[in-house]
Amino acid sequence: PPEKCVVIEDSLVGLRAAKAAGMKCIITPTASTANADFYAEGADAVVEDLVDVTIDSLFNAIYETGKVEDIKAPPPMAVPQLPMMTATDIFPATIIGAGRVGQALAAMNPAGNDVVLKRGQTVASHGLPSGPIYVCTRNDELEPFIEKTPADRRKDLVFFQNGMLDPLLEKYGLQLSPSNPNASTQCLVYFAVAKLGDKPMDGVTDLNPEGLTAAFGRHAESLARRLRSAGLSCKVPVEVIFQGMMLEKLIWISSFMLAGVKNGEVTVGEVEKDCTADVTVLIQELLASCRDANPFALFASDAAVTARLLAYGRSVAHFPTAMKEFPWRNGYFWDISQAALSEEKADPTPTHSTWLKEYAPSVLSSEPKSVTKDPEYALLFDCDGVIVLTEELHRKAYNGAFKHFNLKIKGEPVVWTEEYYDVLQNTIGGGKPKMRWHFGHEGWPTYRPEGAKEDVPVPIQPEEQSKLIDALQDQKTVLYKKLVSEVAEARPGVLELMDEGLGRPDIAMGICSAATKAGFEQVVNSVVQEDRLKRFDVVKAGDDVDKKKPDPMIYNMAQELVNLPPEKCVVIEDSLVGLRAAKAAGMKCIITPTASTANADFYAEGADAVVEDLAGVTIDALFNTIYENGKVEDIKGKAAQPSNASTDAEPSMDDGGSTPQPAQSSPELQEIRKLLEMQTAAMVARQPAQPSEELQEIRK
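Residues numbered from 1 in each chain as written. Predicted model: local features only at pLDDT ≥ 70, side-chain atom pairs only at ≥ 80, totals over all residues. Heavy atoms only, no water.

## Some thoughts on the overall build of the protein chain
Move 1: Each helix and strand counted, the protein chain has 25 helices and 19 strands in total.
Move 2: Sequence-distant contacts, at least 24 apart, represent 62% of the contacts inside the protein chain between residues at least 6 apart.
Move 3: Working note: accessible area of the protein chain is about 32800 Å², and carbon and sulfur atoms make up 53% of it. (Helix = DSSP H or I, 4+ residues; strand = E, 2+ residues; numbered from the N terminus. Contact = heavy atoms within 4.5 Å. Areas by Shrake-Rupley, 256 points an atom, 1.4 Å probe, with all protein chains shown as cover.)

As structure tokens, this is what we get:
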């Protein structure tokens, strides 16, 4: 991207060209251009010449400190005050972990004055010298170790672990930045130690004979000196370059391990030689995702990165492949994908996501089988419509987004009425498809982006239309989350039933929503709240499965996690879509309809009970009704008739008492339903602001 390009020019003409291209620009003026006001036109730095300018000092000044004077000075990385040493001296270190890497590092110090601590021993329990602390432990041991390390020594930590460490470092204020006084150090280890006591083999390849190992941070130079003394390479680049190198290594281990598992856990060499197409697809997908998520990291071209990572695969051909340390490796890319999907955007790494689900599903199911020991039954709640009535909140959020962008079609503001949205949400799934359908039939709108003074014309090109839809959906999500946090309330009886179920040792509890993760999490965090959520056995959103309801996948997943047969699982839903998913999974299903679903014939599609809400419903009453006497009225202890049992025919009385209601809908009601379906379809096509007279009459 242009922001990763730095131009060196000598004139205003050249400066303007560089800036028009969106690039950084350094000026080295000549006698004829020396009086020009380069800074007024956006120059990033003006220096007399390039004497004493190095690559590191140049890029550090431009991308890190922003100080012109640093271009001709060493990068201002804070380094510890070390005693006078020669170029070959090794600064003593504390080494955490006496495994292969830890012992190899200690063997590089001929003075033998390192302190080696075994795993479990902490810095706080020993009087240790100042200097670097080499952390050579497993990733899952890092956070407990940092917690136990005195705060004033944490900046001396040097991390040798594979994977994405940035979130952990940021959590403890140890992020790698020259401007951070507590910055730690990270080493990208490309050298290999075959077994305990062996001499390390350098991470050189046929494309990079100079080696690939690199370090960044306050102790990077002293570490590089130690490695070089043992004949190993170690680069010490500036931050923007190191960040790209770190992400490249993350891409390598994530793509090679997944490609290897997909092909039967073959070796790295077999992946490089026989599965080149698979690993190349992954490398390029993950690289594109890294570019988007890390705009300030410097990367080579796709072809150059791919070639470099394949070459490293050849150099460690004997390595096995396996899916390990998922949160630190492939989990980084999985989380990016899930975040995009939760915002109804395209998955940036679709192949990676698909192969994880197909060939390594166990790493995605990190939950225990059930926090409830040996449950007899499971109770699974849908979210939208069951826990909270969210239809109106969604509609208000869409209208708020339309108003935010001043959307107009043929000069009229775009507003979705309650009645129109009721039909729309029961006709078209997903927020973006709803908007596309609406604009496709009514016409694409003019709009005014935030901060603009004039309206933008109607978008014609598909990319322009997609950009508008994305912006509207993003704004809708912001407004929806705000509405949920301000006004959302649980439906009657929901939280009481949850609390009772969570306190029962014989009931496993779950929430299984078709909603995207962003909206779902806002609802459950605001309404159900964390203290309840952490006690649930299963909490899943629509993003956690490939197929949405009415496909039973989400309920099948829940059934596996609670380790119960499907007939022992009871689902609470509010719609035909959810009912069909539950029944396809072989589960019992209770319906608590909403205003938009109240007219559906749930019993005709197999509902076990239909109740207005969960007020007064207890665990015993619910499960007794479903599994024992089968009387719907017992769920609330009062009469609650199936919807088609009380509306299809008028009761007739004779000397023998009341006539039973028909089990099937009458021909008249069936005809009315057909007319209603036809009229609803016609209404959606016309999109009237008010329902037609015919529809009003049919509804009456």
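## Overview of unusual backbone geometry
Move 1: Cis geometry is adopted by the peptide bond preceding P550, which originates at K549 and carries an omega value of 15°.
Move 2: Within the secondary structure layout, P550 lies in the loop between β14 (538-540) and α20 (553-562).
Move 3: Located in the positive-phi region is K410, a residue other than glycine, with phi close to 55°.
Move 4: Structurally, K410 can be placed in the loop between β11 (408-409) and β12 (412-413).
Move 5: At Q529, a residue that is not glycine, the phi angle is positive and equals roughly 75°.

## Concerning helix α7 (residues 239-262)
Move 1: For α7, spanning 24 residues, the distance from its first C-alpha to its last is 34 Å, which sits close to the expected 34 Å at 1.5 Å a residue.
Move 2: For α7, the tally of buried residues reaches 22 of 24 residues, placing the bulk of the element in the interior.
Move 3: In the segment just after α7, G264 is the residue with positive phi, at about 95°. (Expected span 1.5 Å × (residues − 1). Buried < 20%, exposed > 50% of the residue type's maximum accessible area, 1.4 Å probe, protein only.)

## What to know about the state of the cysteines
Move 1: Counting across every chain of the model gives zero disulfides.
Move 2: The cysteine C136 is free of any disulfide, with C187 supplying the nearest cysteine sulfur at 9.2 Å.
Move 3: On the basis of relative accessible area, C136 is assigned to the buried category, the value being 10%. (Disulfide = S-S within 2.5 Å.)

## Details of the sheet that holds strand β1 (residues 6-9)
Move 1: The three strands lie next to each other as β1-β2-β3, forming an open sheet whose pairing is parallel. At either end of the open sheet lies a strand with only one pairing partner, and these are β1 and β3 (45-46).
Move 2: Both strand β2 (residues 24-27) and β3 contribute to a ladder of two bridges, which runs parallel. Across the sheet, residue I27 finds its bridge partner in β3, namely V46.
Move 3: In this fold helix α1 (residues 12-20) packs onto β1 and β2, with an angle of close to 165° to the strand it touches most, β2. (Pairing = 2+ DSSP bridges. Axes fitted to C-alpha atoms, helices over the stretch in contact; angles between N-to-C directions.)

## Considerations on the pattern of salt bridges
Move 1: In this structure the tally under the stated criterion is 26 salt bridges.
Move 2: E141 is paired through a salt bridge with R138; the nearest N and O atoms lie 3.1 Å apart.
Move 3: Taking relative accessible area as the criterion, E141 reaches 21% and is therefore assigned partly exposed.
Move 4: Looking at R138, the relative accessible area reads 43%, which means it is partly exposed.
Move 5: One salt bridge connects E248 with R308, and the closest N-O pair in it is separated by 2.7 Å. Here E248 is found in helix α7, whereas its partner R308 is found in helix α10 (residues 302-315), with 60 residues between them in sequence.
Move 6: Relative accessible area serves as the criterion here: at 7%, E248 is assigned to the buried category. (Salt bridge = Lys/Arg side-chain N within 4 Å of Asp/Glu carboxyl O.)

## Considering the pairing of strand β10 (residues 377-381)
Move 1: Of all five residues that make up β10, four are buried, and the element is covered over most of its length.
Move 2: Both β10 and strand β13 (residues 507-512) contribute to a ladder of five bridges, which runs parallel. If you follow L380 over to β13, its bridge partner there is G510.
Move 3: Taken together, the four bridges between β10 and strand β15 (residues 569-573) define a ladder with parallel strand orientation.

## Considerations on the environment of K24
Move 1: Within the secondary structure, K24 sits in strand β2.
Move 2: Classification of K24 by relative accessible area gives partly exposed; the value is 24%.
Move 3: Residues K24 and D44, 20 residues apart in the sequence, show an inter-C-alpha distance of 6.3 Å.

## Describing the nonpolar core
Move 1: Formed by 69 residues in total, the largest nonpolar core has its most connected members in L379, F381, I387, M498, I511, Y555 and L622.
Move 2: With six residues, α20 is the largest single contributor of residues to this core.
Move 3: Of all hydrophobic cores here, the second largest spans 62 residues; its members include M164, L168, L247 and Y332. (Core = buried A, V, L, I, M, F, W, Y, C linked by side-chain atoms within 4.5 Å.)

## Let's talk about the sheet that holds strand β6 (residues 133-135)
Move 1: Read across the sheet, six strands follow the order β5-β4-β6-β7-β8-β9 without closing on themselves; strand pairing throughout is mixed. Lying at the two open borders of the sheet, with one neighbouring strand each, are β5 (115-117) and β9 (214-217). Strand-to-strand twist across the sheet, computed as the mean angle between neighbouring axes with direction ignored, equals 20°.
Move 2: Looking at chain direction, strand β4 (residues 94-96) and β6 are connected through three bridges and run parallel. Bridge pairing in β6 places T94 opposite I133.

## Some details on the pairing of β9
Move 1: Side chains of β9 alternate between two faces, with A214 and F216 and A215 and G217 buried alike.
Move 2: Bridge count for strand β8 (residues 185-188) against β9 is four bridges, and the pairing is antiparallel. Looking at β9, one finds that T185 is bridged to G217.

## Regarding the confidence of the model for the protein chain
Move 1: Taken residue by residue, the protein chain gives an average pLDDT of 84. The fraction at 70 or more is 85%.
Move 2: Predicted confidence for residues 74-87 stays below pLDDT 50, and this span has 22 contacts to residues more than four positions away or in other chains.
Move 3: Below a pLDDT of 50 lies the segment residues 638-665, which in the model reaches 26 contacts outside its immediate sequence neighbourhood of four places, other chains included. (pLDDT = per-residue confidence, 0-100.)

## Section: the side chain of N399
Move 1: Structurally, the position occupied by N399 is in helix α13 (residues 391-404).
Move 2: Using a relative accessible area of 14% as the deciding quantity, one classes N399 as buried.
Move 3: Leave out the neighbours within four places in its chain, and N399 touches V414, V415 and W416.

## Some words on the packing of aromatic side chains
Move 1: Applying the stated criterion across every chain, the model contains 18 aromatic pairs.
Move 2: Between F439 and W444, the ring centres sit 5.2 Å apart and the planes meet at 45°, which makes this aromatic pair tilted. Each member of the pair F439 and W444 is classed as buried.
Move 3: Ring-pair connections join several aromatic residues into one group, and the members of that group are Y398, F402, W416, Y420, Y421, F439 and W444.
Move 4: Looking at K568, its charged tip hangs above the ring of Y377, at a distance of 5.5 Å from the centre. (Phe/Tyr/Trp six-rings, centres within 6.5 Å; stacked < 30°, edge-to-face > 60°. Lys NZ or Arg CZ within 6 Å of the ring centre and 35° of its normal.)

## Digging into the packing of helix α16 (residues 462-487) against helix α18 (residues 517-528)
Geometrically, a packed helix pair is captured by the angle between its two axes and the distance between the axes.
Move 1: Following both chains from N to C, one finds α16 and α18 inclined at 15°, their axes separated by 9 Å at the closest point. For the element pair α16 / α18, the angle class is roughly parallel. For the pair α16 and α18, the crossing hand works out as right-handed. Here T477, Y480, K481, V484 and S485 of α16 lie close against α18, whose contacting residues are A518, G519, Q522, V523 and S526.
Move 2: Across the contact of α16 with α18, the residue classes break down as four nonpolar, five polar and one charged. (Parallel < 35°, antiparallel > 145°, perpendicular 65-115°, else oblique. Left-handed = near helix turned anticlockwise from the far one by under 90°. Nonpolar A, V, L, I, M, F, W, Y, C, P; charged D, E, K, R; others polar.)

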